[in-house]
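Breakdown of the fold
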Amino acid sequence: QAQLVESGGGLVQAGGSLRLSCAASGRTFSNYAMGWFRQAPGKEREFVAAISWSGGNTIYANSVKGRFTISRDNAKNTVYLQMNSLKPEDPAVYYCAAGRSLTNWSHAYDVWGQGTKVTVSS
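The notes below deal with the structure included here. (Residues numbered from 1 in each chain as written. Predicted model: local features only at pLDDT ≥ 70, side-chain atom pairs only at ≥ 80, totals over all residues. Heavy atoms only, no water.)

**Focus on the pattern of salt bridges**
Two side chains bearing opposite charge may form a pair once their charged atoms approach each other closely. Counted according to the given criterion, the structure contains 3 salt bridges. In this structure, the salt-bridge partner of Glu46 is Arg38, at a minimum N-O distance of 2.6 Å. Accessibility expressed as a relative area gives 35% for Glu46, which makes it partly exposed. A relative accessible area of 5% means that Arg38 is categorised as buried. When salt bridges that share partners are traced, they join Arg38, Glu46, Arg67 and Asp90 into one network. (Salt bridge = Lys/Arg side-chain N within 4 Å of Asp/Glu carboxyl O. Buried < 20%, exposed > 50% of the residue type's maximum accessible area, 1.4 Å probe, protein only.)

Here it is as structure tokens:
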């Protein structure tokens, strides 16, 4: 059974950094685009970043462009989200997802992890 497990969330001060990881198992995810989404309390889930199956193409939400970097290591079946210069508006539960195409549309992703919580203190 395909499974995604996120890790790396936690509490960080504003301006600090965190690196999230998403470990995939049960399927050859190297053929899939991978995305990161986030959901803050009382808000809808929103797109953060995505990376193509090869890692050669990436897309970002405007709110994180220049601060966050998505990458992947297909040999380890792992996707990363390096988050720098964290802001008070970044706290959320961050989810990784796998899909067939590189897109910011959440419905295109058919496998989701359980999420990891990021908290930013001011």
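That covers the picture; the talk isn't over yet.
**Topic: the nonpolar core**
One recurring pattern in soluble globular proteins: nonpolar side chains tend to sit buried together. Among the nonpolar cores identified, the biggest contains 35 residues, and Leu4, Met34, Trp36, Leu81, Met83 and Tyr94 are the most heavily contacted of them. Elements with a contribution of two residues or more to this core: strand E3 (18–25), strand E4 (33–39), strand E5 (46–51), strand E7 (68–73), strand E8 (78–83), strand E9 (92–99), strand E10 (109–112) and strand E11 (116–121). Once you skip the residues sitting within four places of it in the chain, Leu4 turns out to touch Cys22, Ala23, Ala24, Phe29, Met34, Cys96, Ala97, Ala98, Val111, Trp112, Gly113 and Gln114. (Core = buried A, V, L, I, M, F, W, Y, C linked by side-chain atoms within 4.5 Å. Helix = DSSP H or I, 4+ residues; strand = E, 2+ residues; numbered from the N terminus. Contact = heavy atoms within 4.5 Å.)

**Focus: unusual backbone geometry**
Phi is positive for Asn77, which is not a glycine, with a value near 55°. Here Asn77 is to be found in the loop between E7 and E8. Within the chain, Ser85 stands out as a residue other than glycine whose phi angle is a positive 50°. Looking at the element boundaries, Ser85 is found in the loop between E8 and E9. Assessed through its relative accessible area of 40%, Ser85 is described here as partly exposed.

**Structural notes on the side chain of Arg38**
By the secondary structure assignment, Arg38 is in strand E4. A polar contact of 2.9 Å, which involves the side chain of Arg38, links it to the side chain of Tyr94. In this structure Arg38 touches Glu44, Arg45, Glu46, Val48, Ser63, Val64, Phe68, Glu89, Asp90, Ala92, Val93 and Tyr94, once residues within four positions along its chain are discounted. (Polar contact = N/O pair within 3.5 Å; in protein donor to acceptor, adjacent residues only side chain to side chain.)

Function cannot be inferred from these measures alone, as they are strictly geometric.
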